[in-house]
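Chain by chain, the residues:
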Amino acid sequence: MPDGGKAERPRLLIEDWLPAAAIGVECIRERSTGQQPPDKRFHVWWARRPLAASRAAVLASVLPADFPRDVFERLMGFWGPTSLIIAGEALLIAAKASGAKIVNPHGPRAFRAPLTDKDLSRAHAAAARLWGHLPIVMDPMAGGGSIPLESTRLGFPTLANEYNPVACSVLEATLDYPFRLGPTLADQSRKWGSIWRQRFVARMGRFFPLVNDSMYGEVPPLCYIFARTVPCPTTAHMTPLVPDWHLLKPKGGIALVAVPIVDRAAGTWKTEIRPVGVGPGNVPSAPARSYTKGKGISLFTGESISGDWIKAQAQAGKMGNALYAVGLKTPQGLTFRPPQQADLDALAAADSQLLQLRADWEAKNLIPTELYPEISSDHRPRSYGMPKWADMFSPRQLLGFGVLMQELQGLKAEIIAEEGEERGEAIVHLLAFVLDKLANWNSILSTWNVNAQTVRSVFDRHDFSFKFTFSEMAPVVAGGGLAWALDNACSAYEEVAKLSRSKISQVVDMSQGSATSLIHIGDNSLDAIVVDPPYSDNVQYSELADFFYVWLKRNQGHRRPEWFSSLLCENDDEAVKNDARFRNTTTSGKAAKAAAQAHYQDLMTKVFLEARRVLRAEGVLTVMFTHKKQEAWEALFESLIEAGFTITATWPIVTEGAHSLHQAKKNAAQSTVILVARVRAPRAGTGYFDAAMQARIRAVAEAAADRLSGEGLNPVDQLVGSFGPAMEVFSAFDSVRTDTGDAVSVGAAIDIAADAVAGWRIRKLAAGGLQGVEPEAQFALLCWDTLGAAEFRFNEAKLLGHAVGMDVSSLELAGLIAVKADKVNILSAADRRRDAPLREEEAQQLLFGTIQATGKKAKKSDALKIHPRDPVFRTHLDRAQALALAYADAGGGAAGIGAARALANRHGVKAGDPTVRLIEALLKASPLALRRDKGAAALKFPEFRAWHAMLQPLFGITPPDWTEKGPDQGMLALLAAKGTAVAEEEIELAADDEEEEEEGDTEQDEDDAE
Ligand SMILES: C[S@@+](CC[C@H](N)C(=O)[O-])C[C@H]1O[C@@H](n2cnc3c(N)ncnc32)[C@H](O)[C@@H]1O
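Everything numeric in this text was worked out from a predicted model, so none of it was measured.

Participant: Before we move on, can you summarise the overall build of the chain with the specific residues and values?
Facilitator: Of regular secondary structure, the chain possesses 37 helices and 29 strands. In terms of overall dimensions, the chain is globule-like: its C-alpha atoms have a radius of gyration of 31 Å, near the 30 Å expected for 1010 residues. Structurally, the chain occupies a C-alpha span of about 90 × 80 × 65 Å along its principal axes. Here the chain holds 1010 residues, and the buried ones make up 58% of them. The long-range share in the chain, meaning contacts at least 24 apart out of those at least 6 apart in sequence, stands at 76%.

Here it is, written out as structure tokens:
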């Protein structure tokens, strides 16, 4: 059997081991606490990888498998050994679940930790021995640059390529300036930025007047809250579309709302600002929304205003903006006042100033007059009357940006004259980023977050969802607006430049172009390619990047004409699935989708073919991937195999916290998978999907899952992590066929691996096996065990369904789950309860499957429900749930046990039966939240506690110990001792409200993209 060529090449660290769980912890820490790595704060780029995962992918790809673990962990920046990091995270999760306050068990974040010369030298020596020289690493789809940044920090010669010019601009400022021009560029940019700001304030200050408020005095405004308005269909008066009148809604604090006061006779409205509560001056609750569920409500007539009317008005240029609250930062904290005449006059003055300047600015090409593309996955800017990019700003906002552009262009010559061309241009580049940052936070698509009391940027979401209210910054205010953007971008740059790195770190060699054609790179010239490609239709990079492109091309086009010469971002070779590009009058939606998918897959295959060309024969291709859809996996594997690679490992890294796992409500964990591929030996031939190959796939998949479980990975990641080794068996050949010569798909091998891992997990849960237990019940068991939640994504259900040989629709038909959009919910015993027991003949029909045949389709679904007095039960899960319902009906306790015993006796259920083995396994698999006496999950699924209570008295089996233990004090002390260098914060871990939708949030974005 061929081995894909691996015999000649030594195993890499990433092919044999990886502290994946600890890397995951560091990734989550990078994201979770508002202390993101500086490169991410510098400029928006979408789907940036955590630095910890990027460093792991690079380092583990170039080191040999026998590299010492402790040195690797130090090079990863871990504050302690893997075991302590995992234990620390477990403590945090346990404390979070119990609401306890504990001292942060973790040490400094990995990406900040110093890299020592000694450890780096060991890594360089080991890598050089393996590759014959310091390995050359390339990321051909570098985006915001996490991978090349980490590669060069480690001291490896690094190349980065990227298709999108906005990303290239980000890369240049992240991977070149910090290494060539150093951190001092930040102070120089601050200096010139403050001159820029002075000139801006001199011209714009009068449009943001200090208003003497009777209550707060002369407090400078921080922000202005506007409603979008349309003419009322009956009265034609402009009426606001406000999904939520809250202005402040602090957790545990007093909420503040704007109350509209309507003068119907005059056809006007204004606002008063009121606290919510009891007592004089307060209002009992927020005023009724004037925009909800896709419709407006006229303040003047109360009539409903249809979404179509709203869009038609917007497209006819009749949508307006109405200022209804002004945010102030007072010594007592943030508050709001209603707008005063001076505010309104200033707005009007800004409008007329823009009107005066606009034609000249347009002629000088200072503001973006480009049209929003007609072909786009997101039609909303056009539907809501924003056909040009400049329309994404209110007149006063646009006036500010025009002034900023004009002043920056004037300042450029002065900067270059004083700082020289090289530094001067870099400073202008950073100032252009400041403008981009301000645009992102100061557009009519930037909203006010009433809970966090901050502004949400346009790209809070990865789209152009329309906003019915928006927040305008006061850009002239000291410490806010432009000053904030300046400080933010310059500090981010400075921190990137000061990140610890090897003495031999160098500027990354950068190129712009498609990864399908790296013509500047010779054949077999690279040692490692580490890449994080686009994931199907997750992010439409070029569509989003156009928002910045239109400004950057005006600020940077002179310096980088090759990047900024087109109208908007080029997208012909962009490797994304974008159905809109394939939708035309003759093509059906389905055909467009298929064509878009084929285009994406074709480009990805070309990217991998090109990677194969530039990689040396012993080289490694490491791919980071996030998509959970099995189809996406299959497509990726197929592209790799077609391009001549053998897959050798997959490592799931949990990169976003599984916040809700402890609640058993939703499974919110997100993993990045690091997939390792090596160049396949030439003429690897045809493999046969015979019993031997299938047995081998099963064996390696189980072994991988076992190893990953030992590494502390959760069960779903054990499953995903088994795919790589399974694929190694499959992809060692050029093609795999059945003995009759038919081609075998990658999916078939994945199914076998999934089945093997599922079987292995079931064996761990049910010592005596689950023979006789139907696949439906095995599915429910795997859901609780693997996903740990009642609600999860459709794709995860599909993956587990495959493992037990059922598809999701048959599980839905079996009455076990409810499917809504891409979410699947497991039904509880109570959800499945029928009002009355089946009659004898119905029971017979159910057992022999004749109900549907007799045409009583409606009854079939009812029949699939259960009742504790049913004469028969179809499955062991039904019987188990009926026992729990009988227990609950009798009120639990001794009476409940009695009722359950009677039912068990009636149906002959006893220890050792499949029903009882299933109950035992379910109890073992149950997540913490189900074992409690209280909490939403425990209340929804009381059957778990019922089974726990009945196991001993009914079947003589000792149930699992469910007594809840607080954080392990000994471990806490140990962690505190190891990690307290920075364990100064006390982490308060109250109930997790991550999943709660805020009222205002849900309404803004109802109009989904096509
Ligand atoms: C997932 S992102 C990379 C993110 C990056 N790892 C980071 O952490 O910032 C994928 C990138 O691939 C780029 N891309 C898409 N098609 C490409 C092509 N044909 N050639 C090169 N890059 C491409 C996109 O513009 C995007 O920046």
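On we go from here.
Participant: Run through the sheet that holds strand β13 (residues 304–305), naming residues and quoting values.
Facilitator: An order of β11-β12-β13 is seen for the 3 strands of this open sheet, with the pairing classed as antiparallel. Sheet topology places β11 (291–292) and β13 at the edges, where each strand pairs with a single neighbour. Examined bridge by bridge, strand β12 (residues 295–297) and β13 share 2 bridges and lie antiparallel to one another. In the sheet register, I297 faces β13, and the bridge partner there is S304.

Participant: Just give me the short version of the pattern of salt bridges, but keep the residues and values in it.
Facilitator: Taken as a whole and assessed by the stated rule, the structure comprises 56 salt bridges. The partner of R337 in a salt bridge is D343, with the nearest N and O atoms 2.6 Å apart. In this structure R337 comes out as buried when scored by relative accessible area, which is 2%. Where salt bridges share partners, they join E30, D39, K40 and R48 into one cluster.

Participant: A description of unusual backbone geometry should follow, citing residues and the corresponding values.
Facilitator: Even without being a glycine, K293 presents a positive backbone phi close to 50°. Within the secondary structure, K293 sits in the loop between β11 and β12. For N524, which is not glycine, the phi torsion reads 50° and is therefore positive. Along the polypeptide, N524 turns up in the loop between β19 (509–512) and β20 (526–531).

Participant: Tell me what's going on with the packing of helix α24 (residues 746–765) against helix α25 (residues 775–787), and back it up with residues and numbers.
Facilitator: In contact at an axis separation of 11 Å, α24 and α25 are set at 85° when each is read in the N-to-C sense. Put simply, α24 runs roughly perpendicular to α25. Counted together, A758, R761, I762 and L765 of α24 and Q778, L781, L782 and D785 of α25 form the full contact between these two elements. For the contact of α24 with α25, a count of residues per class yields 5 nonpolar, 1 polar and 2 charged.

Participant: Describe the layout of surface pockets, and please don't skip the residues or the numbers.
Facilitator: Which parts of space are left empty comes out when a probe the size of a water molecule is rolled across the atoms. Looking at the second largest pocket, its volume works out to about 760 Å³. Looking at the second largest pocket, it is lined by 34 residues, and the ones nearest its centre are F226, G320, N321, A322 and P395. For the lining of the second largest pocket, the secondary-structure elements that each account for two or more residues are β6 (221–231), β10 (268–275), β14 (320–330), α13 (341–363) and α15 (395–419). Class assignment of the residues belonging to the lining of the second largest pocket gives a composition of 20 nonpolar, 8 polar and 6 charged.

Participant: Can you lay out the site of the ligand for me, pointing to particular residues and giving the numbers?
Facilitator: The local shell around the ligand holds 25 residues, among which R49, G144, S146, E162 and D532 are the closest. Between an oxygen atom of the ligand and a side-chain N or O atom of W45, the distance comes to 2.9 Å. In this structure, a nitrogen atom belonging to the ligand sits 3.4 Å away from a main-chain N or O atom of Y163. Here the ligand loses 100% of its free accessible area of 600 Å² to cover by the protein chains. One can see that the ligand is located within the largest cavity.

Participant: Tell me what's going on with the environment of W389, and back it up with residues and numbers.
Facilitator: Structurally, the position occupied by W389 is in the loop between α14 (380–383) and α15. Assessed through its relative accessible area of 1%, W389 is described here as buried. It is 29 Å that separates the C-alpha atoms of W389 and M510, two residues lying 121 residues apart in sequence. With residues up to four places along the chain from it excluded, the contact list for W389 reads P368, E370, L371, Y372, P373, F464, E543, D546, F547, V550 and L568. A polar side-chain atom of W389 sits 3.5 Å from the main-chain carbonyl oxygen of L371.

Participant: Describe helix α16 (residues 421–441), naming the residues involved and giving the relevant values.
Facilitator: With 21 residues, α16 should reach 30 Å at 1.5 Å per residue; the first-to-last C-alpha distance of 30 Å fits that figure. The buried fraction of α16 is high, at 17 of 21 residues.

Participant: I'd like a rundown of the packing of aromatic side chains, residues and numbers included.
Facilitator: Across all of its chains, the model carries 35 aromatic pairs by this definition. An angle of 5° between the planes, with centres 4.8 Å apart, marks the rings of F226 and F470 as stacked. With F226 in strand β6 and F470 in strand β18 (residues 469–473), this residue pair connects regions lying 244 residues apart in the sequence. Comparing F226 with F470, the two get one shared label, buried. Geometrically, the ring pair formed by Y291 and F468 is stacked, given 3.8 Å between the ring centres and 20° between the ring planes. Taken together, the positions of Y291 in strand β11 and F468 in the loop between β17 (454–456) and β18 put the pair 177 residues apart, joining distant regions of the chain.

Participant: Tell me what's going on with helix α11 (residues 184–204), and back it up with residues and numbers.
Facilitator: Here α11 contains 21 residues, and its C-alpha end-to-end distance of 30 Å stays within 8% of the 30 Å for a straight helix at 1.5 Å per residue. For α11, the complete set of buried residues consists of L185, A186, Q188, S189, W192, G193, W196, R197, F200 and M204.

Participant: Talk me through the pairing of strand β27 (residues 817–820); I want residue IDs and the actual numbers.
Facilitator: Relative to strand β28 (residues 823–826), β27 runs antiparallel, the two sharing 4 bridges. Note that in β28 the partner of K820 across the bridge is K823. Counting the residues between successive antiparallel strands, the hairpin from β27 to β28 contains 2 residues, one of them, A821, with a positive phi of roughly 50°.

Participant: Explain the sheet that holds β28 residue by residue, including any values.
Facilitator: Strand pairing within a sheet occurs via backbone hydrogen bonds; the two strands may be parallel or antiparallel. Here 3 strands make up an open sheet; going across it, the order is β26-β28-β27 and the pairing antiparallel. Taken across any chain shown, the strands that pair with only one partner, and hence form the sheet edges, are β26 (791–793) and β27. On average, adjacent strands in this sheet sit at an angle of 25° to one another, irrespective of strand direction. Taken together, the 3 bridges between β26 and β28 define a ladder with antiparallel strand orientation. Looking at β28, one finds that F792 is bridged to V824.

Participant: An account of empty space enclosed by the protein is needed here, citing residue identities and associated values.
Facilitator: Enumeration according to the criterion identifies 8 cavities of 30 Å³ or more in this entry. Estimated volume of the largest cavity: approximately 350 Å³. Mapped by element, the contributors of at least two residues to the lining of the largest cavity are α8 (146–153) and β3 (158–162). Looking at side-chain class alone, the lining of the largest cavity contains 16 nonpolar, 9 polar and 7 charged residues.

Participant: For the pairing of strand β21 (residues 615–625), give the residues involved together with the corresponding values.
Facilitator: A large share of β21 lies buried, amounting to 9 of its 11 residues. With 5 bridges connecting them, β20 and β21 associate as parallel partners. Residue pairing in the sheet places L526 in a bridge with L615 of β21.

What counts as what
Residues numbered from 1 in each chain as written. Predicted model: local features only at pLDDT ≥ 70, side-chain atom pairs only at ≥ 80, totals over all residues. Heavy atoms only, no water. Helix = DSSP H or I, 4+ residues; strand = E, 2+ residues; numbered from the N terminus. Rg over C-alpha atoms; globule rule 2.2 N^0.38 Å. Buried < 20%, exposed > 50% of the residue type's maximum accessible area, 1.4 Å probe, protein only. Contact = heavy atoms within 4.5 Å. Pairing = 2+ DSSP bridges. Salt bridge = Lys/Arg side-chain N within 4 Å of Asp/Glu carboxyl O. Axes fitted to C-alpha atoms, helices over the stretch in contact; angles between N-to-C directions. Parallel < 35°, antiparallel > 145°, perpendicular 65-115°, else oblique. Nonpolar A, V, L, I, M, F, W, Y, C, P; charged D, E, K, R; others polar. 1 Å grid on protein atoms, 1.4 Å probe; cavity = no way out; pocket = protein on both sides within 12 Å on 5 of 7 lines; lining within 4 Å. Points joined across faces, edges and corners; volume = space filled by probe spheres on them. Near = heavy atom within 4 Å. Polar contact = N/O pair within 3.5 Å; in protein donor to acceptor, adjacent residues only side chain to side chain. Areas by Shrake-Rupley, 256 points an atom, 1.4 Å probe, with all protein chains shown as cover. Sits in = over half its atoms within 2 Å of the grid points. Expected span 1.5 Å × (residues − 1). Phe/Tyr/Trp six-rings, centres within 6.5 Å; stacked < 30°, edge-to-face > 60°.

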